[in-house]
Amino acid sequence: MNSFLDDLTLEQLDGDSRELAEVIGMDAFKKLVEVYGGSGSLYIPSFATLRAGLRNQKLVQDYQAGLKVKHLTRKYHVSESLVYKIIRDYKAQEAAQDG
């Protein structure tokens, strides 16, 4: 880490930078600045996006284990068409990785 970052304190930050440092801690903040600072390439997904991704993974696992689509709709509180889309997307992703 460069010497400027080594000496940086929470009190020297303001606005969004300070809020982020308070949430994740100064060491993690400094690491983010070092790796991603100014790049504009860091995307932090929303909780809903993370939750949907995890739900989809579990749904596919259940489907592969033999659960029927009707059961999956009830278990995950989604429509039948969404279950089929999730499965179709998973299969397309698998085919792309194999191909």
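Details of the structure are given in the entry above.
As a starting point, this report considers the structure included with it. None of the values given here were measured: they were computed from a predicted structure.

A short note on the overall build of the protein
Counting its regular elements, the protein contains 6 helices and 0 strands. Against the compact-globule benchmark of 13 Å for 99 residues, the protein has a radius of gyration of 21 Å, which places it well outside the compact range. With respect to the principal axes defined by its C-alpha atoms, the protein has extents near 60 × 35 × 20 Å. Buried residues in the protein amount to 18% of all 99 residues. In the protein, the proportion of contacts linking residues at least 24 apart, taken out of those at least 6 apart, comes to 32%. Counting every atom, the protein has about 7,500 Å² of accessible surface; 54% of that belongs to carbon and sulfur. Counting 13 positive and 14 negative side-chain charges, the protein places the averaged centre of each group 18 Å from the other.

Section: the side chain of Asp 62
Considering the arrangement of structural elements, one finds Asp 62 in helix α4 (residues 47–64). Looking at Asp 62, its side chain comes within polar contact range of the side chain of Lys 75, at 2.7 Å. Excluding anything up to four places from it in sequence, Asp 62 contacts Leu 67, Leu 72, Lys 75 and Tyr 76.

Re the environment of Gln 12
Within the secondary structure layout, Gln 12 lies in the loop between α1 (3–7) and α2 (15–24). A polar atom in the side chain of Gln 12 sits 2.7 Å from the backbone nitrogen of Thr 9.

Cut-offs and rules
- Residues numbered from 1 in each chain as written.
- Predicted model: local features only at pLDDT ≥ 70, side-chain atom pairs only at ≥ 80, totals over all residues.
- Heavy atoms only, no water.
- Helix = DSSP H or I, 4+ residues; strand = E, 2+ residues; numbered from the N terminus.
- Rg over C-alpha atoms; globule rule 2.2 N^0.38 Å.
- Buried < 20%, exposed > 50% of the residue type's maximum accessible area, 1.4 Å probe, protein only.
- Contact = heavy atoms within 4.5 Å.
- Areas by Shrake-Rupley, 256 points an atom, 1.4 Å probe, with all protein chains shown as cover.
- Lys, Arg positive; Asp, Glu negative; His and termini not counted.
- Charge placed at Lys NZ, Arg CZ, Asp CG, Glu CD.
- Polar contact = N/O pair within 3.5 Å; in protein donor to acceptor, adjacent residues only side chain to side chain.

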